[in-house]
Every structure is written in C-alpha cells, then in structure tokens.
Amino acid sequence: MTIRVVVADDQELVRSGFAMILDAQEDIEVVAEAGDGAAAVSAVERLSPDVALLDIRMPVLDGIEACRAISARSACRTVMLTTFDSDEYVYEALHAGASGFLLKDVRRDDLVHAVRVVAAGESLLAPSVARRLIEEYTAATARPSAPDPLAAERLGVLTARERETLLHLGRGLSNAEIAAALVVSGHTVKSHVGNVLSKLGLRDRIQAVICAYETGLIAAGSAGPSGASASGVSPSGG
C-alpha cells in the first residue's frame, strides 16, 4: 500500500528536498506541498493523505494550529518539523495531536523510516526523547509536580500491571526494556501497552508519556514515580 504524504514548510528548499526524498521511495507518494499551515489543512481535507509533515513555524496558520485542525477533521497523522529539539512549542504540538517530531537536519533514511512508522500507527519519537522534551517544558514553566486529583483519577481504570506499564512508558522504556523490568514476554507487554492506550483514550506512546506526567505518576525531573522510587511500584495485578 502506498503511503500518501503532504509536506508543509515555508522554506521552499527544505520542503522540496523532503518531498524529493520521500517521492523517490516505491511505497511513498507526496501528494501535495504547502507553504503555510492553512494550505496544508486544505490539502489534507482535499486529498486525505496518511501523513502530514508540518513545520512548527509557518505563516498564515502555524504548524500547531494546522496540526490541531488536521487531527480534529481527519485520520491523517501529523509529524512536526522543527529546527531545535527543545522548541518552546513542542508540548503544545503534542497536545494538538502530533504523533512526533523531526529535526530539519534529519538524515534521509531516518526521514523515510519516520514516515513509515507514523503511517503504521506508531509514534515517531523514542519514548525517552518525548520524556526529555516534556521534562524540559515542565522545568521551564514550573509546572507543579503534585498530581491533579481529577487527572490522577483517570488511572483508576488500569490494573496494577497496566499502571506499572504506563510508568515505564513515561520513563522512556522500550517494549523490550519493559518486558525485562516486569519479567514477562514481549507479547504480554504489547498487550499491556494496548490496554493502557485503549483504557485512557490515548492515541500513541507519546500521549502515554504526557499522561504519566500529567497524572503525577511521574514527577517532572524525576526518573521514577511521584513520591517513590521505581522499585516501589507493586508488580502485582494485570
């Protein structure tokens, strides 16, 4: 199946360069290029692509608002393009529905791989990268580490093992690393991750990282759960 892509960036050389790289792949077709966010939203509505690459900083409509509109109106998954991995708008873009991020100096092979991964329904960034970005944001804005009672209440739908899985997702562990930590098979971890995403209404692992922080399961700047070490989480249940 061909992966249909829209590339949006106000820098023509960047935009055309990405488009050429992607169009050269047998399984990827760039169906449109856009120089601003409004044009990107229009192209997505008109052409129904699988993936949209959106520069965060664009005229008319910035990448975040374009991402928000695309996520609300279509099944197209979005990947944000940014110059720096510490971009001040990263957290906003995650909440707008972005499935991940690419730096504009991304290698050719990594760009192609990223589009394929996102088109397959996975998040683009390694969980550890998403965690680092969120920690930077929370530290910079002095977000409180104490959990919001209403947000923390969301975790009540999870079994103890699923809650533990969410903790490890928030800490940036891969499925293989979670399996080793829980002493279970990779298949079991995949099932737990699927249950966590489904029960909490999360789209992907990146949103799971956000949830782990927002519910206070992990405190900003901490590698373990809020108020406890990682080893203090009960391994029972699920």
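What counts, and where the lines are drawn
Residues numbered from 1 in each chain as written. Predicted model: local features only at pLDDT ≥ 70, side-chain atom pairs only at ≥ 80, totals over all residues. Heavy atoms only, no water. Helix = DSSP H or I, 4+ residues; strand = E, 2+ residues; numbered from the N terminus. Pairing = 2+ DSSP bridges. Axes fitted to C-alpha atoms, helices over the stretch in contact; angles between N-to-C directions. Contact = heavy atoms within 4.5 Å. Core = buried A, V, L, I, M, F, W, Y, C linked by side-chain atoms within 4.5 Å. Buried < 20%, exposed > 50% of the residue type's maximum accessible area, 1.4 Å probe, protein only. Arc of directions from axis to C-beta. Polar contact = N/O pair within 3.5 Å; in protein donor to acceptor, adjacent residues only side chain to side chain.

Visitor: How should I be thinking about the environment of Ala69 in this particular structure?
Guide: Residue position: Ala69 is located in helix 3 (residues 63–73). Along the primary structure Ala69 and Gly37 are separated by 32 residues, whereas in three dimensions their C-alpha atoms are 9.7 Å apart.

Visitor: I would appreciate a short explanation of the sheet that holds strand 1 (residues 3–8) in the present structure.
Guide: Hydrogen bonding along the main chain pairs the strands of a sheet, whether they run parallel or antiparallel. The strand order 2-1-3-4-5 describes an open sheet built from five strands, whose pairing is parallel. Each edge of the open sheet carries a strand with a single partner, namely strand 2 (28–34) and strand 5 (101–103). Sheet twist, expressed as the average angle between the axes of neighbouring strands with direction ignored, equals 25°. Two elements, strand 4 (residues 77–82) and strand 5, share three bridges in a ladder whose sense is parallel. Paired with Leu81 across the bridge in strand 5 is Leu102. Where helix 2 (residues 37–47) meets the sheet, its contacts fall on strand 1, strand 2 and strand 3 (51–55), and the angle it forms with strand 2 comes to roughly 135°.

Visitor: I keep staring at the nonpolar core and nothing clicks. Help me out?
Guide: Buried together is how nonpolar side chains tend to be arranged in soluble globular proteins. If you look at the biggest cluster of nonpolar residues, it comprises 26 residues, and the most contacted ones within it are Leu54, Ile70 and Met80. Secondary-structure elements contributing two or more residues to this core are strand 1, strand 2, helix 2, strand 3, helix 3, helix 4 (90–96) and helix 11 (205–214). Of all the elements, helix 3 adds the most residues to this core, at five residues. In this view, Leu54 contacts Ala8, Ala40, Gly63, Ala66, Cys67, Ile70, Thr78, Val79, Met80 and Leu81; residues no more than four positions away in its chain are not counted. Listed in part, the 22 residues of the second largest apolar core include Ala179, Ala208, Cys211 and Leu217.

Visitor: Before we go on, may I ask you to explain the pairing of strand 1 in this structure?
Guide: Across a regular strand the side chains alternate sides, sitting on one face of the sheet and then on the other. With respect to burial, strand 1 is a largely interior element, five of its six residues being buried. One ladder, built from six bridges, connects strand 1 with strand 2; its direction is parallel. When the sheet's bridge partners are listed, Ile3 is paired in strand 2 with Ile28. Note: strand 1 against strand 3, four bridges, orientation parallel. By the bridge assignment for strand 3, Val5 is matched with Val51.

Visitor: Explain helix 2 here, please?
Guide: Buried residues of helix 2: Gly37, Ala40, Val41, Ala43 and Val44, and no others. The arc that holds the buried residues of helix 2, viewed along the axis, is 160°, so those residues lie on one side. Where the residues of helix 2 are buried, they touch strand 1, strand 2, strand 3 and helix 3. You can read the cap of helix 2 off the contacts: a side-chain oxygen lies 3.0 Å from the backbone nitrogen of Ala38, and it is on Asp36. One or two steps after helix 2, the chain reaches Ser48, where phi turns positive at roughly 50°.

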